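Okay, here's what each chain looks like letter by letter:
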Amino acid sequence: MAKYRFSRVRYIAYTAVFAALSAVLMSLSFSVPFMPSFIKLDFSEVPALIASFSMGPVSGVLVCLIKNLINVTMTTTAGAGELSNFILGVLFVVPAGLIYKFKRTRIGALIGSVVGAVIMGLMSLLTNYYIAYPVYENFMPIEAILSMYQAIFSDVATLWDCLLIFNMPYTIFKGLLCAVITFLIYKPISVLMKTIDSRLRVRKYDKLMEKRAKENGEQTTPSDGNPEAGASDPRNDRTQSGV
């Protein structure tokens, strides 16, 4: 099925809205019992995933970028946590959005979400080991970090053990959880977005027809959301589809 194409203005507006929601959700993070207390769970990837499905992967990337640019102003990790979050978010929403772009069905969205979550989990090993944790060590000795993991599972001995046993499965779980939430709320949000966009198009079309009628000295009536097909209808090249 063809992808619904939002106008450029609405594309920017919706991306900004999703980015703001994502930033708020990122700030509402909380600890989980099966992870060290400094690792938080949040659902900020949900708006990014919705943006990636509804408007394409680029929109999802922009949501991840803006979200982290907002939160880096309140960082406690010298920006390393936000950089890692941005990279992992992109690795999650881009594969999901690309797969859905070529297979616009619920199965396509599901496959894309699972692939994105797995890629995000695997790459979290590298981003944590080479970006996040070296910065964390400036605030907390590596021995103290390891002891927080060992309090949960005593057999971990190195940072790689911690990342493999804790962080990677946790990151995959987080991605899948965000995907489940997205599946539950995507349809009504998508319908609402398209409805608002279509009504704005109709209003723009009515104003265009009214202007032309005045120029020609004619009378016109509102299109009632259903203008006759023709080259002058600005919505002729727009099609709709849904997950």
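Residues numbered from 1 in each chain as written. Predicted model: local features only at pLDDT ≥ 70, side-chain atom pairs only at ≥ 80, totals over all residues. Heavy atoms only, no water.

Novice: Please give an account of the overall build of the protein chain that cites residues and values.
Specialist: Secondary structure assignment for the protein chain yields 7 helices and 2 strands. In the protein chain, the succession of helices and strands from N to C terminus is α-β-β-α-α-α-α-α-α. Looking at the protein chain residue by residue over its 243 residues, the buried ones come to 43%. Contacts spanning at least 24 positions in sequence make up 71% of the contacts within the protein chain whose residues lie at least 6 apart. Carbon together with sulfur atoms contributes 66% to the accessible area of the protein chain, which is approximately 12,800 Å² in total. (Helix = DSSP H or I, 4+ residues; strand = E, 2+ residues; numbered from the N terminus. Buried < 20%, exposed > 50% of the residue type's maximum accessible area, 1.4 Å probe, protein only. Contact = heavy atoms within 4.5 Å. Areas by Shrake-Rupley, 256 points an atom, 1.4 Å probe, with all protein chains shown as cover.)

Novice: Can you break down the environment of Ile 185 residue by residue, with the values?
Specialist: Tracing the chain through its elements places Ile 185 in helix H7 (residues 159-216). Sequence separation between Ile 185 and Ile 50 is 135 residues; the distance between their C-alpha atoms is 9.0 Å. Filtering out sequence-adjacent residues up to four positions away, Ile 185 remains in contact with Val 46 and Ile 50.

Novice: Describe the packing of helix H1 (residues 8-27) against helix H3 (residues 57-71), and please don't skip the residues or the numbers.
Specialist: Their axes nearest at 8 Å, the elements H1 and H3 cross at an angle of 45°. Overall, the two elements H1 and H3 adopt an arrangement that is oblique. Crossing of H1 against H3: the hand is right-handed. Within the contact between the two elements, H1 uses Tyr 11, Thr 15, Phe 18, Ala 19, Ser 22, Ala 23, Met 26 and Ser 27 and H3 uses Val 58, Ser 59, Leu 62, Val 63, Ile 66, Lys 67, Asn 68, Ile 70 and Asn 71. Class assignment of the residues belonging to the contact of H1 with H3 gives a composition of 10 nonpolar, 6 polar and 1 charged. (Axes fitted to C-alpha atoms, helices over the stretch in contact; angles between N-to-C directions. Parallel < 35°, antiparallel > 145°, perpendicular 65-115°, else oblique. Left-handed = near helix turned anticlockwise from the far one by under 90°. Nonpolar A, V, L, I, M, F, W, Y, C, P; charged D, E, K, R; others polar.)

Novice: I'd like to hear about the packing of H3 against helix H4 (residues 80-102), residue by residue, with values.
Specialist: Axis separation between H3 and H4 bottoms out at 8 Å; the angle between their running directions is 165°. As judged from the angle between their axes, H3 and H4 are roughly antiparallel. The element H3 and its partner H4 pack so that their crossing is right-handed. Taken together, the residues of H4 that come into contact with H3 (itself represented by Pro 57, Gly 60, Val 61, Cys 64, Leu 65, Lys 67, Asn 68 and Asn 71) are Glu 82, Asn 85, Phe 86, Gly 89, Val 90, Val 93, Val 94, Gly 97 and Leu 98.

Novice: Lay out H3 with the relevant residues and their values.
Specialist: The end-to-end C-alpha distance of H3 is 21 Å, a good match for the 21 Å that 15 residues give at a rise of 1.5 Å each. Every buried residue of H3 is listed here: Pro 57, Ser 59, Gly 60, Val 63, Cys 64, Lys 67, Asn 68 and Asn 71. For H3, the arc enclosing every buried residue in end-on projection is 165°, short of the 170-degree limit, so these residues lie on one face. Those residues of H3 hidden inside the fold are in contact with H1, helix H2 (45-55) and H4. (Expected span 1.5 Å × (residues − 1). Arc of directions from axis to C-beta.)

Novice: Tell me what's going on with the layout of surface pockets, and back it up with residues and numbers.
Specialist: Approximately 950 Å³ is the volume found for the largest pocket. Of all the elements in the fold, those that place two or more residues in the lining of the largest pocket are H1, H4, helix H5 (106-136) and H7. Residues of the lining of the largest pocket, tallied by class, amount to 13 nonpolar, 13 polar and 5 charged. (1 Å grid on protein atoms, 1.4 Å probe; cavity = no way out; pocket = protein on both sides within 12 Å on 5 of 7 lines; lining within 4 Å. Points joined across faces, edges and corners; volume = space filled by probe spheres on them.)

Novice: I'd love a proper account of the environment of Ser 84, names of residues and values included.
Specialist: Structurally, Ser 84 can be placed in helix H4. A relative accessible area of 4% places Ser 84 in the buried class. Linking Ser 84 and Asn 68, residues 16 residues apart in sequence, is a C-alpha distance of 9.6 Å. Every residue in contact with Ser 84, bar those within four places of it in the chain, is listed here: Thr 127, Asn 128 and Ala 132.

Novice: Residues and numbers for the packing of aromatic side chains, please.
Specialist: Summed over the entire model, instances satisfying the criterion amount to 12 aromatic pairs. Between Tyr 133 and Tyr 136, the ring centres sit 5.1 Å apart and the planes meet at 70°, which makes this aromatic pair edge-to-face. Pair noted here: Tyr 133 and Tyr 136 are both in helix H5, with a separation of 3 residues, about one helical turn. An aromatic cluster is defined as three or more aromatic residues linked by ring pairs; in this entry it consists of Phe 38, Tyr 133, Tyr 136, Tyr 149 and Phe 166. (Phe/Tyr/Trp six-rings, centres within 6.5 Å; stacked < 30°, edge-to-face > 60°.)

Treat this as a map of the structure, not an account of what it does.
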